[in-house]
Amino acid sequence: MPPIRLEGLVKRYGAVEVLHGIDLDMAEHEFTVLVGPSGCGKSTTLRMIAGLEDISAGEIWMGERAVSNLDPKDRDIAMVFQDYALYPHMNVAKNMSFSLRLQKRPKAEIDRKVRDVAEMLGLSPFLDRKPGELSGGQRQRVAMGRALCRDASTFLFDEPLSNLDAKLRGQMRAELALMRQSVKKNMIYVTHDQIEAMTLADRIVVMHGGHIQQQGTPTELFRNPANKFVAGFLGAPPMNFLDAILVSQGGDLMAQGKGFALRLPPALAARATKLAYKQVTLGLRPSDLEYVPDAPEGAGLNLKVIVSEYVGAQSVLICDCGDARVTVEIKSETPIALGETLRFAVRPEGLHLFDPKTEVAI
Amino acid sequence: MTRFSANRLTPYLFAAPAALVMLLALFYPIGYMIWGSFRAWDPSQSITETEFVGLANYARLLADPAFHESFWVTLVFAFSVVSVEMVLGVSLALLLDRKIRGMSLLRTLFILPMMIAPVVVGLVWRYMFHQSYGTINRMLEAVGLPKVDWLGQNPLLSVIIADVWQWTPFIFILSLAALQSLPRSALEAARIDGATTMQQIWHIKLPLMAPVLIVTLLLRLIDAFKVLEVILVLTGGGPGLQTEILALRIARTAREFRELGEAAAMSNMLLMLLMVLTLGMFAFTRWQEARARRLRFTKEEEG
């Protein structure tokens, strides 16, 4: 299972460059998730690794092997497609065994492999059915099964769950998480869904506009986003962004804006004092706000609740703060009323500052 | 009339004019033909003056070696042209299903033969096949090969070549359309699964194109059984009876031999043969629709 390395990967369609030099190192057996909004180049990157798209510049390494000029079949990969890409005229068993049959493996071996994989995915009763006779979730499993049968060193997933309904998606996500514990392979997974990225990944690679914005473990990216895009993309509900000015007050550095003044924790303050500018963007996750009626000056802010979205154990409040909107995640049992102005405490480690021009984290 | 029944009748009322035309232009002549096939009928007689002879016309045909010959020629012609056209048309489509510059121009050029009137095709090929100044023999001569007496010695082969030239494009455009509507991702999956170009064609493309190919094949076969103009112009059925396909023999029986009854009986036999093919095609499409319905149903059942 060789580690995969992308080196200055560029993709151009005519004069338009859609990927601008992607560098990425993936460790052995790592589950890497490429995540980003549509058009960010994540699928193109995956398809270049698969060999389905030509590479305009750069190189893909699998271990010590440069593979950019190899056919897909020589790259030792298996792939699961968004629309499953099953062969409609073959039954489930034939679909799963197609590559093994092309390799002319012994029939007994093929049968055993198909049986084992079908058993693992709960497909045994459907081996004789054609894809058209299966539900979406079952087809999804067949697509996985076909990849598993191949025994390739690297698995590529191109938005494999996005054609399923929400409930099934959650279920399949859990099964995937379970599967990756038992299957020791390199996995590269493309999705636009940050929840899939957070729950499945060893390493998340956030992409935007043909660039890698940041890569790291889910916790790293969630706690220390490198820029405003990553901060806003990961986490649901998304991070709040407020315009603020840095002011010194009695030896402390405060982020002050319309309707709030928050004291920066020492580490952040130390970084912020070195800045040549005073105008910043303040980032606050909805989950880093807490309803504390007597939160002291500089550690909390007053928000006027205008909408409350009840989602079960949690409620999401949409509030007015000066002329901006702020979302807050609270426990549903917290007694609040619409139209009330409430005081919320901010966890000091939940404060993020961004350069308003470059959007880079401070 | 209640509102309910008026609503139910509306579609039939709309279809009525077309049905009337069909009745006059199709069923009347067919009925006339069937009735005529049971009578001894000279073109100088009106049909009421003719004598009823029962199945005598059919019996005579079945015993007539010239009819057998003609029937055989028709079968050989139809099946060979359709097989060759299928192989060529599908291969061309597989070759040209790609993005290269000037492809749309090439495709237009490829389907030109189909747009030319059959009589013109016949004339063009008669010239090309000509023993001494025909293009083909002059080309053979230029590369040092002996001349071939196309229409004299190889008449059936010659008409087959002309028909293949004219109708391969038909199969080509339908196959190309079928190819381009194949699911791209299934082909990509096959590439990743390790299928070579030939294996992709054999295991994925052809099976997925099969429904279109089968209908195309039956359409072409039905058409090939009725071919007339090109052969009439190229060989006139000769030499001897070597290219006298059924349509041509029917025309000759009616006009030269003045046996309208026998010609009608022959037409009926051809009609029945074509009916079998057409029913085969209907059965196939019905089977396909039923299958699609069943699939949709299972899908809805399981959500």
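None of the values given here were measured: they were computed from a predicted structure. Throughout, residues of each chain are indexed from 1 in the direction in which the sequence is written. In the order they appear in the text, chains get letters beginning with A and ligands get numbers beginning with 1. At least 70 in pLDDT is required for a residue's local features to be given in this predicted model, at least 80 for side-chain atom pairs to be given and counted, and no such filter applies to totals for whole chains, interfaces and linings, which use all residues. Note that water and hydrogens are dropped before the side-chain values are worked out from all heavy atoms of the structure.

Chemist: Provide a residue-level description of the domain arrangement of chain A, including the pertinent values.
Modeler: The accessible area lost on association of the parts is a frequent measure of interface size. All names here are of chain A. Each domain span listed reflects an automatic or database assignment of domains. Domain parsing of chain A yields domain 1 (4–233) and domain 2 (240–286 + 300–354). Centre-to-centre, using C-alpha coordinates, domain 1 lies 38 Å away from domain 2. Each side of the interface is counted separately: domain 1 has eight residues, and domain 2 has five residues. Carbon and sulfur atoms supply 69% of the area that domain 1 and domain 2 bury against each other, a total of about 560 Å² over both sides. Buried area: the accessible surface (1.4 Å probe) lost by two parts on joining, summed over both. For domain 1, the biggest contributors to the area lost against domain 2 are Phe222, Lys228 and Ala231; these three give 70% of the whole. Whenever Lys or Arg places a side-chain nitrogen within 4 Å of a carboxyl oxygen from Asp or Glu, that contact is recorded as a salt bridge. The interface formed by domain 1 and domain 2 includes zero salt bridges. Polar contact criterion, stated in full: a pair of N or O atoms within 3.5 Å, where within protein one must be able to donate a hydrogen and the other to accept it, and residues adjacent in sequence count only if both atoms are side-chain atoms. For the pair domain 1 and domain 2, the number of links is two residue pairs in polar contact (both at pLDDT 80 or more). Only DSSP runs of H or I covering at least 4 residues are called helices, and only runs of E covering at least 2 are called strands; the numbering of each starts at the N terminus. Mapped by element, the contributors of at least two residues to the side of domain 1 that touches domain 2 are α7 (218–223) and α8 (228–233). Of the residues belonging to the side of domain 1 that touches domain 2, the class tally is four nonpolar, two polar and two charged. Only heavy atoms enter the contact rule, under which two residues are in contact if any of them lie within 4.5 Å. Amino acid classes used here: Ala, Val, Leu, Ile, Met, Phe, Trp, Tyr, Cys and Pro are nonpolar; Asp, Glu, Lys and Arg are charged; the rest, including Gly, are polar.

Chemist: So what's going on with the layout of surface pockets? Residues and values would help.
Modeler: Residues and elements named next belong to chain B. Residues are called lining when one of their atoms sits within 4 Å of a cavity or pocket point, these points coming from a 1 Å grid over the protein atoms alone, where a cavity is a set in which a 1.4 Å probe fits but cannot get out and a pocket is an open set with protein on both sides within 12 Å along at least five of seven lines. Grid points are joined across faces, edges and corners, and a volume is the space filled by probe spheres set on the points. Its volume calculated, the largest pocket comes out at about 1200 Å³. Taken together, 34 residues make up the lining of the largest pocket; nearest its centre are Asp97, Arg184, Arg191, Gln200 and Lys205. Taken together, the residues of the lining of the largest pocket break down into 12 nonpolar, eight polar and 14 charged.

Chemist: Please set out the UniProt feature "domain: ABC transmembrane type-1" (unreviewed entry) in chain B residue by residue, giving values where relevant.
Modeler: UniProt positions are given in the numbering used here, feature names are shortened, and annotations may be inferred rather than shown by experiment. This chain's UniProt record puts "domain: ABC transmembrane type-1" (unreviewed entry) on residues 71–283 of chain B. Here residues 71–283 of chain B runs as 78% helix and 0% strand, with 25 Å between its end C-alpha atoms.

Chemist: Please provide a residue-by-residue account of the UniProt feature "transmembrane region" (unreviewed entry) in chain B, values included.
Modeler: Following the UniProt record, one finds the feature "transmembrane region" (unreviewed entry) at residues 12–35, 71–96, 108–129, 164–182, 202–222 and 263–284 of chain B. End-to-end, the C-alpha atoms of residues 71–96 of chain B are 37 Å apart, and along that stretch the chain is 100% helix and 0% strand.

Chemist: Can you explain the interface of chain A and chain B? Please cite residues and give values.
Modeler: The interface of chain A with chain B comprises 30 residues on the first partner and 23 residues on the second. In this assembly, chain A packs against chain B so that about 2200 Å² is buried in total across both faces, 59% of it on carbon and sulfur atoms. Summed over the shared surface of chain A and chain B, the result is one salt bridge. For the pair chain A and chain B, the interface holds eight residue pairs in polar contact (both at pLDDT 80 or more). Per-element accounting of the side of chain A that touches chain B gives the leading share, four residues, to helix α4 (residues 136–150) of chain A. In the side of chain A that touches chain B, the residues fall into 15 nonpolar, six polar and nine charged.

Chemist: Break down the sheet that holds strand β13 (residues 260–263) of chain A for me, citing the residues and quoting the values.
Modeler: Strands pair in a sheet through their backbones, by hydrogen bonds, and they do so in one of two ways: parallel or antiparallel. All names here are of chain A. Note: two strands are recorded as paired if DSSP finds a minimum of 2 bridges between them. Overall, antiparallel pairing links the five strands, which are arranged β13-β12-β11-β14-β20 in an open sheet. The open sheet has two edge strands, β13 and β20 (351–354), and neither has a second partner. Geometrically, the sheet is characterised by an average inter-axis angle of 40 degrees between neighbouring strands, direction not taken into account. Alignment of strand β12 (residues 252–257) against β13, held across four bridges, turns out to be antiparallel. The partner of Gly257 across the bridge, within β13, is Phe260. For helices, the axis comes from a line fit to the C-alpha atoms of the stretch in contact; other axes are also lines fit to C-alpha atoms, and the angle between any two N-to-C directions lies between 0 and 180 degrees.

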